[in-house]
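Residues per chain are reported as follows:
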Amino acid sequence: MKVIILKDAAAVAAYGANIFKKQLQKKPDSVLGLATGSTPVALYKELIKLSEAKEFSFAGVTTFNLDEYLGLDGEHPQSYRYFMNEQLFNHVDIDKSKTQVPPGNAQDPVAACNDYEADIDAAGGIDIQLLGIGRNGHIGFNEPSSSLASRTRVKTLTLDTINDNSRFFADGEYQPHLSITMGIGTILESKKVVLLATGASKADAIAATVEGPLTAACPASALQLHQDAVIIIDEEAASRLA
Ligand code: F6R
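Residues numbered from 1 in each chain as written. Predicted model: local features only at pLDDT ≥ 70, side-chain atom pairs only at ≥ 80, totals over all residues.

Visitor: Tell me about the sheet that holds strand β6 (residues 128–131), residues and numbers included.
Guide: With parallel pairing, 7 strands are arranged side by side in an open sheet as β1-β10-β9-β6-β2-β3-β5. Of all the strands in the sheet, just β1 (2–6) and β5 (99–100) have a single pairing partner and so form its edges. Pairing of β1 with strand β10 (residues 229–234) involves 5 bridges; the strand directions are parallel. Looking at the pairing, Val3 lines up with Ile231 of β10. (Pairing = 2+ DSSP bridges. Helix = DSSP H or I, 4+ residues; strand = E, 2+ residues; numbered from the N terminus.)

Next comes the structure, spelled out in structure tokens:
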């Protein structure tokens with residue numbers, strides 16, 4: 001595990017975007033694993049700028065998102081499909097038919113999870129997976145106690161995560177408590193993993209990820225097992241490291 005500590009969130013986004021730039025220059029038909037949440041937004045902005053400057057193209061790229069709320073379809077403004085369209089896909093030359101987000105409106109969610117795994121395999125596996133991290137150490141929606149060998153499945157969100165994400169929902173708006181998420185085992189099969197974290201609220205989770213024991217109590221600690229995991233953090237997120 002490589003840990004890169006940078007001054008602030010802007011530097012984290014720029015550093016992360018450069019890794020994706022190099023990947024897409026080297027392999028224009030890369031398979032990207034993508035994340036939602038607040039943290040990757042600045043990185044997506046950088047990627048939009050770089051693609052506008054013709055540093056690389058998204059035309060040959062296939063993407064798989066980590067997770068989606070179960071019960072929201074892709075038109076719903078709080079869905080992760082909607083988020084990805086707004087934050088990245090609508091602004092670059094990507095073929096949207098090659099962008100996958102787990103189907104939040106699946107009639108048979110269990111079958112949809114198996115199909116998602118099969119689709120990742122059929123695409124040749126994920127070349128580079130972008131991750132954020134929850135304050136409780138979750139990656140994707142793999143909450144604490146998730147099996148480190150888990151695959152894409154339906155997962156109940158913890159109260160912590162529901163509360164953290166309530167900022168995206170209006171008062172009284174329906175907020176799902178279930179998700180479909182890639183598993184930790186799925187994430188570990190990506191050829192490269194890039195985790196971004198910024199701000200003091202992530203400091204404990206980062207310390208547990210990097211220096212804590214390998215434990216399902218901190219799902220991100222599973223990245224200690226990965227051969228090519230890069231943790232890019234700002235000084236605040238690094239503040240609890242020894
Ligand atoms: C999002 C995801 C989550 C977030 C995490 C951090 O697709 O899988 O694990 O990365 O909850 O969210 P932010 O960046 O909003 O703090």
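There is more to say, and it comes next.
Visitor: Please set out the packing of helix α1 (residues 9–26) against helix α2 (residues 41–52) residue by residue, giving values where relevant.
Guide: At a closest axis distance of 8 Å, the pairing of α1 and α2 adopts a crossing angle of 50°. For the element pair α1 / α2, the angle class is oblique. Along this stretch, α1 crosses α2, giving a crossing that reads as right-handed. Between α1 and α2, the contacting residues are Ala9, Ala10, Ala13, Ala14, Gly16, Ala17, Phe20 and Lys21 on the first element and Ala42, Leu43, Glu46, Leu47 and Leu50 on the second. Its residues assigned to classes, the contact of α1 with α2 shows 10 nonpolar, 1 polar and 2 charged. (Axes fitted to C-alpha atoms, helices over the stretch in contact; angles between N-to-C directions. Parallel < 35°, antiparallel > 145°, perpendicular 65-115°, else oblique. Left-handed = near helix turned anticlockwise from the far one by under 90°. Contact = placed C-beta atoms within 7 Å. Nonpolar A, V, L, I, M, F, W, Y, C, P; charged D, E, K, R; others polar.)

Visitor: Please give an account of the environment of Ser190 that cites residues and values.
Guide: Tracing the backbone shows Ser190 in the loop between α6 (184–188) and β9 (192–197). A residue is classified by how many C-beta atoms lie within 10 Å of it, and Ser190, with 24 of them, is buried. Separated by 53 residues in sequence, Ser190 and Gly137 have C-alpha atoms that sit 19 Å apart. With residues up to four places along the chain from it excluded, the contact list for Ser190 reads Gly33, Ile126, Ile128 and Gln129. (Buried ≥ 20, exposed ≤ 12 C-beta atoms within 10 Å, placed from the backbone.)

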